[in-house]
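Understanding the architecture of this molecule
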Amino acid sequence: MTLVADRLAQRGLTMPAPPAALAAYAPAVLRGGWIYTAGQLPLRDGALVATGRLGEGVDVETGAAAAEVAALNALAAMAGVVSDLDQVQLVKVVGFVASTSDFTDQPSVINGASLLFADVMGEVGTHARSAVGVASLPLNAPVEIEVVARLGDEGAVGG
Amino acid sequence: MTLVADRLAQRGLTMPAPPAALAAYAPAVLRGGWIYTAGQLPLRDGALVATGRLGEGVDVETGAAAAEVAALNALAAMAGVVSDLDQVQLVKVVGFVASTSDFTDQPSVINGASLLFADVMGEVGTHARSAVGVASLPLNAPVEIEVVARLGDEGAVGG
Amino acid sequence: MTLVADRLAQRGLTMPAPPAALAAYAPAVLRGGWIYTAGQLPLRDGALVATGRLGEGVDVETGAAAAEVAALNALAAMAGVVSDLDQVQLVKVVGFVASTSDFTDQPSVINGASLLFADVMGEVGTHARSAVGVASLPLNAPVEIEVVARLGDEGAVGG
């Protein structure tokens, strides 16, 4: 069992199967030592754990829980293209939050993803991040998470 | 004639001139073996092939056709910074779809881009992808496509 | 004093302290010779220089000035993870502009960032760029800027 899998288990979480692509693309691609995931939705067992937009019907707590599920799917997508997830170092996370025009707390929503990464990956889970409020997302998902990561064990500087 | 150009010709498509930047930036940049394109709009001969948002006035078929045109411009942008487009391997595509708040089929729109890449690039066209619905895009374009790609011939894993 | 710092001074600008993260992430991460910044807001001395959306209340000039401030914070974020900012070469800038559905001049807004980079970095400031209109941004900021850059002195091709 990998360290990441250990830490997921301690949280009562299981690594899902690599997410299916919704269309003509791959869930993750590894080239030249870098991993890019597709945008991950908060799907669990094939169904969204929440739908709708922040600012109307979806509250921050629900959005953050959905972001955690999307982050788990990003880990699963990366696990599908590497032999050892413990060799993966996060670099960048972009979190798209389906938002009304007056909802402005995207950071608290995407923290659901960032905190999962920090918790299960430790120091190599350090990442830069953008959180933005978008008009709508596929399948009426409240959040979508994409990740850039690096395969290898060299040092990093995260300010 | 390159393979990519061959396959474009088979679809009745011609590689356009590298797109002009709308502002103070480059259509594509190559550094350290990686290519990043600017966000590409569905411009053909200097005019948008469609305008407006999905969910009001622009249907999925029109949006997907526009995404194909934007993808063609992304190929042209990459062709402007490499000597041989056949050495380019796609890694990531982000598709921004101008959407009303209740339009949630961004994947079908961006498939217009993904399918063109798959068709003309073959296996090296494999990419991770994000599709999101945004409030509006430059010039009132319905879609904007950006690409990260790698120059080289090493292996890739696309799950 | 670095060249970048020199040129900032000529514009009457001072490099701010590296921006604080709003949440559980780093302002910038350097791995494998690449730098990714977090999404940067137009914060100066801890307060936004403007709030609201383009198309209602924030005009293009105000938006472009805010984009310049966000770009300055991106420089500061990069300065926090490298020993010499003059070794940094820009690659990609993504500019998110909080927009009403009928505001379509995101390029002019994000030019505020692009022109600052060009002015203070010179040729190594060349970048590909995407500008998109989003529903809303953290803290009700009008713009958010994220940057991908490369550390090193090898050549680049910017078309």
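A short tour of the structure in this document, coming up. (Residues numbered from 1 in each chain as written. Chains lettered and ligands numbered in written order. Predicted model: local features only at pLDDT ≥ 70, side-chain atom pairs only at ≥ 80, totals over all residues.)

For chain A, the helix and strand inventory stands at three helices and 10 strands. The order of α-helices and β-strands along chain A, N terminus first, is α-β-β-β-β-β-β-α-β-α-β-β-β. Put simply, chain A has 159 residues, and 63% of those count as buried. Within chain A, contacts between residues at least 6 apart in sequence are counted, and of these 80% link residues at least 24 apart. (Helix = DSSP H or I, 4+ residues; strand = E, 2+ residues; numbered from the N terminus. Buried ≥ 20, exposed ≤ 12 C-beta atoms within 10 Å, placed from the backbone. Contact = placed C-beta atoms within 7 Å.)

With 34 residues of chain B at the interface, the matching set in chain A holds 30 residues. Contributing elements (two or more residues each) for the side of chain B that touches chain A: β7 (88-98), α3 (106-121), β8 (128-134), β9 (143-151) and β10 (156-158) of chain B. With seven residues, the top contributor of residues to the side of chain B that touches chain A is β8(B). Here the residues of the side of chain B that touches chain A are counted per class, giving 13 nonpolar, 16 polar and five charged. (Nonpolar A, V, L, I, M, F, W, Y, C, P; charged D, E, K, R; others polar.)

We now examine the packing of helix α2 (residues 60-79) of chain C against helix α3 (residues 106-121) of chain C. Residue and element names in this part refer to chain C. Here α2 crosses α3 at 40 degrees, and the two axes come no closer than 7 Å. On the basis of the axis angle, α2 is oblique to α3. As α2 runs across α3, the sense of the crossing is right-handed. Across the interface between the two elements, V60, G63, A64, A65, A67, E68, A70, A71 and L72 from α2 touch S108, V109, I110, N111, G112, A113, L116 and F117 from α3. Of the residues that constitute the contact of α2 with α3, the class distribution is 12 nonpolar, four polar and one charged. (Axes fitted to C-alpha atoms, helices over the stretch in contact; angles between N-to-C directions. Parallel < 35°, antiparallel > 145°, perpendicular 65-115°, else oblique. Left-handed = near helix turned anticlockwise from the far one by under 90°.)

Time to look at the relation of the copies chain C and chain B. Laying chain C over chain B is done by rotating through 120 degrees and shifting 0.0 Å along the axis; what remains is an RMSD of 0.0 Å. Here the symmetry operator amounts to a three-fold rotation axis. Interface overlap between copies is the fraction of interface residues in one copy that are interface residues in the other; for chain C against chain B it is only 6%, indicating separate surfaces. (Least-squares fit on C-alpha atoms with pLDDT ≥ 70 in both.)

Turning our attention to the environment of C:V4. All names here are of chain C. Take V4: it is sitting in helix α1 (residues 3-10). Note: C-alpha distance between V4 and Y25 (21 residues apart in sequence) is 26 Å. When residues no more than four places from it in sequence are discounted, the contact partners of V4 are L75, L85, D86, V120 and M121.

Now for the interface of chain C and chain B. How big an interface is tends to be reported as the loss of accessible area on association of its parts. At the junction of the two partners, chain C supplies 34 residues and chain B supplies 30 residues. Where the side of chain C that touches chain B is concerned, the elements lending two or more residues are β7 (88-98), α3, β8 (128-134), β9 (143-151) and β10 (156-158) of chain C. No other element matches the seven residues that β8(C) contributes to the side of chain C that touches chain B. When grouped by side-chain class, the residues that make up the side of chain C that touches chain B number 13 nonpolar, 16 polar and five charged.

Next up on the list: the environment of A:P138. All names here are of chain A. By the element assignment, P138 lies in the loop between β8 (128-134) and β9 (143-151). Residue class for P138 comes out buried when judged on the 24 C-beta atoms lying within 10 Å of it. Remark: the alpha-carbon pair of P138 and G39, spanning 99 residues in sequence, is separated by 9.9 Å.

Another aspect to go through is the relation of the copies chain B and chain A. The two copies are related by a screw operation: chain B maps onto chain A through 120 degrees of rotation and 0.0 Å of translation along the axis, at an RMSD of 0.0 Å. Take the interface residues of chain B: only 6% of them recur as interface residues in chain A, which is what a contact between different surfaces looks like.

With phi around 65 degrees, A:N140 is a residue other than glycine that occupies positive phi space. By the element assignment, A:N140 lies in the loop between β8 and β9.

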